[in-house]
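# Architecture and fold: a report
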Amino acid sequence: MDVLTVLPANFGYAIFTYLYSWIMLGYLAVKVGSARKKYDVKYPTMYSDKEQVFNCIQRAHQNTLEVYAQWLVFQTIAALVYPLSASVLGAIWVTSRFSYAWGYYTGDPAKRMNGAYGYIGYFGVIFLSIAVALQLLGVL
């Protein structure tokens, strides 16, 4: 069976959303690596006792990784039935992680909330995934 005949026609948008998320994760990782050098935080130390800004940069990356696996699952389920909607919601979530990080990078943890609009994308793909489950169960 050819995968191109199984996936929805617009699933390519979802693939581009995954690639966008890969770029975002790479960016956040590079920022942590640069901050390690700047603030002299050696591996395997996760956080600094002295440098609050480093900790904020590290947390922006770590928090994104903490939710990334769940986002991938829901993004994929939603995109299998609603590829365009899931891709738009996914792009919102990925973009919000940049806003979240840039706010956090200021050293003021409250500014991470600049990325709070990402909940639209995150919960959006969760709701679409629930809709897919209900359709599979014949409820919708």
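Nothing here was measured: the structure is a model prediction, and the numbers come from that model. (Residues numbered from 1 in each chain as written. Predicted model: local features only at pLDDT ≥ 70, side-chain atom pairs only at ≥ 80, totals over all residues. Heavy atoms only, no water.)

The next point concerns the overall build of the chain. Counting its regular elements, the chain contains 5 helices and 0 strands. Counting from the amino terminus, helix and strand elements in the chain follow one another as α-α-α-α-α. The 140 residues of the chain split such that 39% are buried. Looking at the chain as shown, the accessible area adds up to about 8,100 Å², and 68% of this sits on carbon and sulfur atoms. (Helix = DSSP H or I, 4+ residues; strand = E, 2+ residues; numbered from the N terminus. Buried < 20%, exposed > 50% of the residue type's maximum accessible area, 1.4 Å probe, protein only. Areas by Shrake-Rupley, 256 points an atom, 1.4 Å probe, with all protein chains shown as cover.)

In this section: the UniProt feature "transmembrane region" (unreviewed entry) in the chain. Cross-referencing UniProt, the feature "transmembrane region" (unreviewed entry) maps to residues 12-30, 71-96 and 116-137 in the present numbering. Across residues 12-30, helical content stands at 100% and strand content at 0%; the span's end C-alpha atoms are separated by 27 Å. Span residues 116-137 is 86% helix and 0% strand, its end C-alpha atoms 33 Å apart. (UniProt positions renumbered as here; feature names shortened; annotations may be inferred.)

This part takes up the environment of Thr45. Within the secondary structure, Thr45 sits in the loop between helix 2 (11-39) and helix 3 (52-81). Between the alpha carbons of Thr45 and Asn55 there is a distance of 11 Å; along the sequence they are 10 residues apart.

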